[in-house]
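Here is what each chain is made of, one letter per residue.
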Amino acid sequence: MTRRMTRSLVLVLGLLASAAPAAAQAQPKGHLVVVGGGGVPDAVLRRALDLAGGPAAPVVVFPQASERDETGDVAAEMWTKAGATNVRWLPLTDPAAARQAVESAALIWFPGGDQRRLMKAFEGTGVPEVIARRYRDGAVVGGTSAGAAVMSLVMLTGDTDLKSITVGATTTAPGLGLWPEVIVDQHHLKRQRQSRLISLVLERPDLVGVGIDERTAVVVSGRRFEVIGESSVLVIDARRAAIEPRAPGSLSAARDITVHVLTAGMGMDLGR
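Our subject in this report is the structure included herewith. (Residues numbered from 1 in each chain as written. Predicted model: local features only at pLDDT ≥ 70, side-chain atom pairs only at ≥ 80, totals over all residues. Heavy atoms only, no water.)

### Focus: the packing of aromatic side chains
Taken as a whole and judged by the stated rule, the model has 5 aromatic pairs. A ring pair is formed by Phe-110 and Phe-122, whose centres lie 6.2 Å apart and whose planes are at 75 degrees; its orientation type is edge-to-face. A residue pair is termed long-range when its members are at least 10 positions apart, and Phe-110 in strand E4 (residues 107–110) and Phe-122 in helix H5 (residues 115–122) qualify at 12 residues. Take Phe-110 and Phe-122: they sit in the same class, and that class is buried. Ring centres of Trp-179 and Phe-225 lie 5.6 Å apart, and the angle between their planes is 75 degrees; on these two criteria the pair is classed as edge-to-face. One end of the pair, Trp-179, is in the loop between strand E7 (172–174) and strand E8 (182–186); the other, Phe-225, is in strand E11 (residues 224–229), and 46 residues separate them in sequence. Members of the aromatic cluster, connected to one another through ring pairs, are Phe-62, Phe-110 and Phe-122. (Phe/Tyr/Trp six-rings, centres within 6.5 Å; stacked < 30°, edge-to-face > 60°. Helix = DSSP H or I, 4+ residues; strand = E, 2+ residues; numbered from the N terminus. Buried < 20%, exposed > 50% of the residue type's maximum accessible area, 1.4 Å probe, protein only.)

Next up, the structure:
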């Protein structure tokens, strides 16, 4: 699929997702725990386990974003050290078995790596549909770094211009769409990715940009999210902005963009 075709597909999917008023859509019963990378603080691990039902909650890990063979074992060990007693990582060589495992999972986790690699691994397995259903029914779904990026419907891929705010400079691909109202960016302040998120938000002002820094997470419950962890979350909201029409390759321009800088204990309701 060419870059132009991919961007067109994302645009169509995004328009379909935003066609019905958000208030009229049934809110998921589950929670998202979205970590900006750089390690997962103990407080985030404890919160995710608590939301999933406690240490005995079944945890499944999909490590396919990483090219390292040991990633599944490392992620499973992280949850075991956090107190989880029922943890396993899942290959995708047997999609039916993976789907069955997700059906009984209370916490579904995506480690870091390359978000495009994870989405490619999921193709044709039917696993994303089961994950989405479990989230709607009450499961916790979380991830860090690449595992955070896949939460969006319009997913950042990493291919971008970080030195300017330019129309058409940021490449995207379809993500899992578990948090379809936003564009998630990770390692946000540590790797100075503010310009790419602003660029994309100005192209898709119907979506709110949520840039999560390292060792920091947002916990999403319905349309509200709360920040936990050690650094900051930058929220870029252009839903009421006046955006100047510009040709691809031109510098982006807009007025009245709303920016929030949130730290641990702070939150936001996207419906307000």
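That covers the picture; the talk isn't over yet.
### Describing the side chain of Ser-232
Its place among the elements puts Ser-232 in the loop between E11 and strand E12 (233–237). Once residues within four sequence positions are removed from consideration, Ser-232 is found in contact with Leu-189, Gly-211, Ile-212, Asp-213, Thr-216, Val-261, Leu-262 and Thr-263. (Contact = heavy atoms within 4.5 Å.)

### Examining the sheet that holds strand E10 (residues 216–221)
Spatially, the 8 strands line up as an open sheet ordered E3-E2-E4-E5-E1-E10-E11-E16, and their pairing is mixed. Either end of the sheet is taken by a strand with one partner, and the two such strands are strand E3 (87–89) and strand E16 (267–269). The sheet shows a mean angle of 15 degrees between the axes of neighbouring strands, taken without regard to direction. As judged from the 3 bridges shared by E11 and E16, these two strands associate in the antiparallel manner. Of the residues in E16, the one forming a bridge with Glu-226 is Gly-267. (Pairing = 2+ DSSP bridges. Axes fitted to C-alpha atoms, helices over the stretch in contact; angles between N-to-C directions.)

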